[in-house]
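One letter stands for each residue in the lines below.
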Amino acid sequence: MNPQPDNRHEVGRTADLQETLRSLEARVAALEGALAHRTELKPVPAPAVQGGPVVAEEAGRGIGFGQGFGLVGRAILVLAGAFLLRALTENGILPPRGGFALGLGYALLLIGWAARDGRRGERPTAVTTGMAALVVAFPFVYETTAVRAIVPPVAGAAVLASISAAGLAVAVVLRLRILFWAYGLAALTTVTALHFATGAAILYTFLLLVLGAATTIVS
């Protein structure tokens, strides 16, 4: 009669292997939980904007030849419209006050046109139109106030403040740094020139202080 094999040793080894597997599974589960906790996605805060709203200007895309040619054509048309109004006024077809009113409306219309282009995402077009409005508006204010004396210094200061505020506001809202500084420097130059040309020193000194404070706050 053959002796029965002793299975106690095999049973013990099997139990040890099962216990080892359970221990390994527990360690693997613990490591996976720790790794998942450390690599959990968290919302990344947006980078802080340094220097105010105007400094956050987005980088403009490259302008192709065709687009650049179109921008030059637009600027020429804008300036041609301003020269037409001036010619009509100088030749007596428009009365001086009527030419002044049309010139002011034309400058503000151009600034509004730049704002519309900027809201549509056409940033190069907005900058071009805004610059053209600047070239039209500030010499217009100086000439009608100091050279031809169509309006008194107080009215000239009010018109200058209105145009400067409109241009700077558009530049801030659209985050166009170049337009902001262009309008700020043009306003500063025009205020200084009117300060010496009109003799209304107190009025234009006050306007100069207001302009400096406004540009400092929003820059």
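Since we're looking at a predicted model, the values are computed, not measured.

What counts and how
- Residues numbered from 1 in each chain as written.
- Predicted model: local features only at pLDDT ≥ 70, side-chain atom pairs only at ≥ 80, totals over all residues.
- Heavy atoms only, no water.
- pLDDT = per-residue confidence, 0-100.
- Helix = DSSP H or I, 4+ residues; strand = E, 2+ residues; numbered from the N terminus.
- Contact = heavy atoms within 4.5 Å.
- Expected span 1.5 Å × (residues − 1).
- Buried < 20%, exposed > 50% of the residue type's maximum accessible area, 1.4 Å probe, protein only.
- Axes fitted to C-alpha atoms, helices over the stretch in contact; angles between N-to-C directions.
- Parallel < 35°, antiparallel > 145°, perpendicular 65-115°, else oblique.
- Nonpolar A, V, L, I, M, F, W, Y, C, P; charged D, E, K, R; others polar.
- Core = buried A, V, L, I, M, F, W, Y, C linked by side-chain atoms within 4.5 Å.
- Patch = residues over 30% accessible without salt bridge, like charges linked within 9 Å, V, L, I, M, F, W, Y side chains within 5 Å.
- Areas by Shrake-Rupley, 256 points an atom, 1.4 Å probe, with all protein chains shown as cover.
- Salt bridge = Lys/Arg side-chain N within 4 Å of Asp/Glu carboxyl O.
- Phe/Tyr/Trp six-rings, centres within 6.5 Å; stacked < 30°, edge-to-face > 60°.

Quick notes on the confidence of the model for the chain
- Looking at the chain, the pLDDT average stands at 76 and 67% of residues meet or exceed 70.
- Of all secondary-structure elements in the chain, the lowest mean pLDDT belongs to helix H1 (residues 8–38), at 59, while helix H5 (residues 153–174) reaches the highest, 91.
- Contacts for the low-pLDDT stretch residues 39–44, under 50 throughout, to residues beyond four places or in other chains number zero contacts.
- Counted against residues more than four places away or in other chains, residues 47–62, with its pLDDT under 50, gives 23 contacts.

Considerations on H5
- Compared with an ideal rise of 1.5 Å per residue, which puts 22 residues at 32 Å, H5 spans 31 Å between its outermost C-alpha atoms and is within 8% of the ideal.
- Considered for burial, the residues of H5 that qualify are Gly156, Ala157, Val159, Leu160, Ile163, Ser164, Gly167, Leu168, Val170, Ala171, Val172 and Leu174.
- Of the residues one or two after H5, arginine 175 is the one with positive phi, at around 60°.

Points about the packing of helix H4 (residues 123–147) against H5
- At their nearest, the axes of H4 and H5 sit 10 Å apart, and the two run at 170° to each other. Put simply, H4 runs roughly antiparallel to H5. Contacts between H4 and H5 involve Arg123, Ala126, Ala137, Phe138, Val141 and Thr145 from the former and Pro153, Gly156, Val159, Leu160, Ile163, Ser164 and Leu174 from the latter.
- Here the contact of H4 with H5 is built from residues that sort into nine nonpolar, three polar and one charged.

Overview of the nonpolar core
- Within the largest apolar cluster, 43 residues are counted, with the highest numbers of intra-cluster contacts made by Phe138, Val141, Leu160, Ile163, Tyr183 and Tyr204.
- Secondary structure elements with two or more residues in this core: helix H2 (65–90), helix H3 (96–119), H4, H5, helix H6 (177–198) and helix H7 (201–218).
- Among the elements that take part in this core, H4 stands out by supplying 10 residues, more than any other.
- What isoleucine 163 contacts, discounting residues up to four positions off in sequence, is Leu104, Ala107, Leu108, Ile111, Ala137, Phe138, Val141 and Tyr183.

Topic: a nonpolar patch on the surface
- There is a patch of nonpolar side chains on the surface, built from Leu185, Leu188 and Leu208 and spanning about 240 Å² of accessible area.
- Locating leucine 188 in the fold gives a position in helix H6.

Digging into the packing of aromatic side chains
- Counted by the stated rule, this structure contains three aromatic pairs.
- For the ring pair phenylalanine 180 and tryptophan 181, a centre distance of 5.3 Å and an interplane angle of 85° mean the geometry is edge-to-face.

Side note on unusual backbone geometry
- A positive phi angle is found at alanine 149, which is not glycine, with a value near 55°.
- Tracing the backbone shows alanine 149 in the loop between H4 and H5.
- The class of alanine 149 is exposed, set by a relative accessible area of 54%.
- Positive phi, normally seen in glycine, also occurs at arginine 175, with a value near 60°.
- Given the relative accessible area of 35%, arginine 175 is considered partly exposed.

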